[in-house]
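# Results of the structural survey
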Amino acid sequence: MEELSAGLHLSALQKRFGATIALGDGNLHVKPGEVHTLLGENGSGKSTLVKIIGGVHRADQGKVTLDGEALTFRSPRQANASGVATVFQEVLTAASQSVLENIWLGTDGVFRRRRSRAEQRAAASDVLGRLVDGIQLDSPAGELSLSERQAVCIARALVRTPRVLVLDESTAALDVQTRDRLFEEMRRLRSEGCAILFISHRMDEVEEISDRVTVLRSGRTISTVERSSMTIGQLISDMTGASSVVEHQREERELGPAILSAEGIRLAPAAETIDFELRRGELVGLAGLEGQGQDQFLRRLAGLIDGEGSLTQPAAGGESIRAAGSNKTGVAYLPRERRGESLFETMSTQENFALPTMRKDIRGPLLNPRRTSERFSRAAKDLSIKFGSSTDAISTLSGGNQQKVLLARWLATDPAVLLLNDPTRGVDITTKREIYAALRQLCSEGMSVVMLSSEVEEHVELVDRVLVFRNQSVFAEIGRTEIGNETIVAAYFGQRVAGVA
Ligand code: ADP
Ligand code: MG
């Protein structure tokens, strides 16, 4: 009995955010002395589960026990005090504070005060030195590289000598040498009885370090397997629920001539070059795990960043593309972060819509707000935007409707090509469907769309062709008739399913 309750147990965890069920039935047992990997597609609830363990969120239902004792953490500090150290998915360092301060950041007063300054320095230096060389404890964290900052976050967890260590995609930002040294530390901690929960999308890492693997799908625990009996094929089918894949009616569509052409695009020094041709009326999806180059590629198409290779618009006489969002090139780009990059919260809904196309409403020397208002109501009708009054602040709209306003804004520039960066992220399902319908309609009218999406389902449902990125290169190009949940996810993880180029 003693044995069974040892370690971290999560049972029937549930967590909702508004209408989203992030976790419906989360179950997991991480034993002392094991590395337990949690696998699942984007949005399957991994980080939510981690945040419950780490004291950031409280579960709506379910139970967490550590060595048989029930726990409800009210804060990350409380979780730490119980011996649970979590490295969250976001790389969290205070840029202006020193590396030393960052390593001890958030530690509860008692634990920290028990040590002298000199002891704190020695412990920080020891722990950090196990992961990387040459970092000065007194330099500001903001001066470090991303990999080094991630190492500081990991050192922050290690310095507490945890009973439970949680690493949420912590290797994604690490360079290879640091990753290998982290694995050494994990093996050492495991041999000392630490229970380690590890999250990574890299199959090579999962195979190298895991003792057991649990798969999460749509907020539910699907399976737990021992290292000796795990196969990548089975893990992928557990992640995607291959048997429940809906068969979408897929037919090749009649497409127009090439409208945008990219040649010899290289996204990183060691990456393969990318040649890409977008045809009139085509809807192409860009997919991949976070940070595999798809975001850069899209911004490259938008002309927002430079690099090796060239972009041309054959149908427009072959001139090269300069700025995005301008009418001359006919390429409009909708960025990913609504708040930071494109929404003006203090302005009205209608003004947010009209910003780049205000010229259309000028008569003589004056702006005619009624014309703006008329244009907006037409656009709002096309996209079923729900709003009170168009002169109310845009912040009064729901997230999904704000997103539609931004879509309407760029559609008002009459682009030949629309580039969308994860347009339905955080948008409710009804609004998503309305956006899909609008995009289908626009493509049938001859507009071309390139859409980056982190949701596999979205590609399955919507696009003509999907490019799956891996290591800043196009790993697979999947045509309309081959697109399916499983072919896409397999490519995410560097596997090829028969019939895929
Ligand atoms: P994963 O880490 O597996 O990618 P997450 O746990 O981050 O998944 O997300 C699970 C689901 O919960 C997603 O649909 C995500 O959009 C949603 N979600 C996560 N955190 C929040 C939040 N703070 N507010 C609203 N929705 C959230
Ligand atoms: Mg996550």
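### Some words on the domain arrangement of the chain
Taken domain by domain, the chain consists of domain 1 (8-240), domain 2 (256-330 + 415-501) and domain 3 (338-414). Each of domain 1 and domain 2 was reduced to a C-alpha centroid, and the two centroids are 33 Å apart. Every contact between the two is made by ten residues of domain 1 and, on the other side, eleven residues of domain 2. In total, domain 1 and domain 2 occlude about 950 Å² of area from one another, counting both sides; carbon and sulfur atoms represent 62% of this.

### Some points on the sheet that holds strand 21 (residues 473-479)
On the basis of which strands lie adjacent, the open sheet formed by six strands has the order 15-18-19-13-20-21 and mixed pairing. Looking at the sheet topology across the chains shown, the edges are occupied by strand 15 (331-334) and strand 21. When strand polarity is set aside, the average angle formed by the axes of neighbouring strands in this sheet is 15°. Where strand 18 (residues 417-421) and strand 19 (residues 448-452) come together, five bridges link them in parallel fashion. Residue pairing across strands places L418 opposite V449, the latter belonging to strand 19. Strands strand 13 (283-287), strand 18 and strand 19 of the sheet are contacted by helix 16 (residues 429-444), whose axis makes an angle of about 145° with strand 19. Packed on one face of the sheet, helix 18 (residues 485-492) meets strand 13, strand 20 (465-470) and strand 21 and runs near 20° to strand 20.

### Here's the deal with the packing of aromatic side chains
Scanning the entire structure with this criterion turns up five aromatic pairs. For the pair F353 and F376, a centre-to-centre distance of 5.2 Å together with 55° between the ring planes defines the contact as tilted. Of the two residues, F353 is situated in helix 13 (residues 349-354) and F376 in helix 14 (residues 369-382); the sequence distance between them amounts to 23 residues. Using a relative accessible area of 1% as the deciding quantity, one classes F353 as buried.

### What to know about the nonpolar core
Residues L418, L439, V449, V468 and I488 are the most contacted members of the largest nonpolar core, which totals 59 residues. In contact with V449, not counting residues within four places along its chain, are L278, E282, L283, V284, L418, L420, L439 and C443. A85, L128, L137 and F183 belong to the second-largest nonpolar core, a separate cluster that totals 35 residues.

### Regarding the coordination of the magnesium ion (ligand 2)
Protein coordination at the magnesium ion (ligand 2) comes from S47 (OG) and Q89 (OE1), with a distance range of 2.1 Å. Residue S47 is found in helix 2 (residues 46-53), and its partner Q89 is found in the loop between strand 6 (84-87) and helix 4 (99-104); the two are separated by 42 residues along the sequence.

### Focus on the layout of surface pockets
One number sums up the size of the largest pocket: a volume of about 1900 Å³. What lines the largest pocket is a set of 44 residues, among which T20, N42, G43, S44 and E455 lie closest to the centre. At the level of secondary structure, the elements contributing two or more residues to the lining of the largest pocket comprise strand 2 (20-30), helix 2, strand 9 (212-217), helix 10 (232-240), helix 16 and helix 17 (456-462). Residue composition of the lining of the largest pocket, by class: ten nonpolar, 16 polar and 18 charged. Here the lining of the largest pocket spans two domains, since at least three of its residues come from each of domain 1 (8-240) and domain 2 (256-330 + 415-501). Of the pockets and cavities examined, the second largest pocket occupies roughly 670 Å³. Around the second largest pocket sit 25 residues that line it, and T171, A172, A173, E290 and Q292 are the ones nearest its centre. Listing elements by their share of the lining of the second largest pocket, those giving two or more residues are helix 7 (146-158) and helix 8 (176-191).

Reading guide: rules and limits
- Residues numbered from 1 in each chain as written.
- Chains lettered and ligands numbered in written order.
- Predicted model: local features only at pLDDT ≥ 70, side-chain atom pairs only at ≥ 80, totals over all residues.
- Heavy atoms only, no water.
- Domains from an automatic or database assignment.
- Contact = heavy atoms within 4.5 Å.
- Buried area = accessible area lost by both parts, 1.4 Å probe.
- Pairing = 2+ DSSP bridges.
- Helix = DSSP H or I, 4+ residues; strand = E, 2+ residues; numbered from the N terminus.
- Axes fitted to C-alpha atoms, helices over the stretch in contact; angles between N-to-C directions.
- Phe/Tyr/Trp six-rings, centres within 6.5 Å; stacked < 30°, edge-to-face > 60°.
- Buried < 20%, exposed > 50% of the residue type's maximum accessible area, 1.4 Å probe, protein only.
- Core = buried A, V, L, I, M, F, W, Y, C linked by side-chain atoms within 4.5 Å.
- Donors = N, O, S within 2.8 Å, 3.2 Å for Na, K, Ca; no water.
- 1 Å grid on protein atoms, 1.4 Å probe; cavity = no way out; pocket = protein on both sides within 12 Å on 5 of 7 lines; lining within 4 Å.
- Points joined across faces, edges and corners; volume = space filled by probe spheres on them.
- Nonpolar A, V, L, I, M, F, W, Y, C, P; charged D, E, K, R; others polar.

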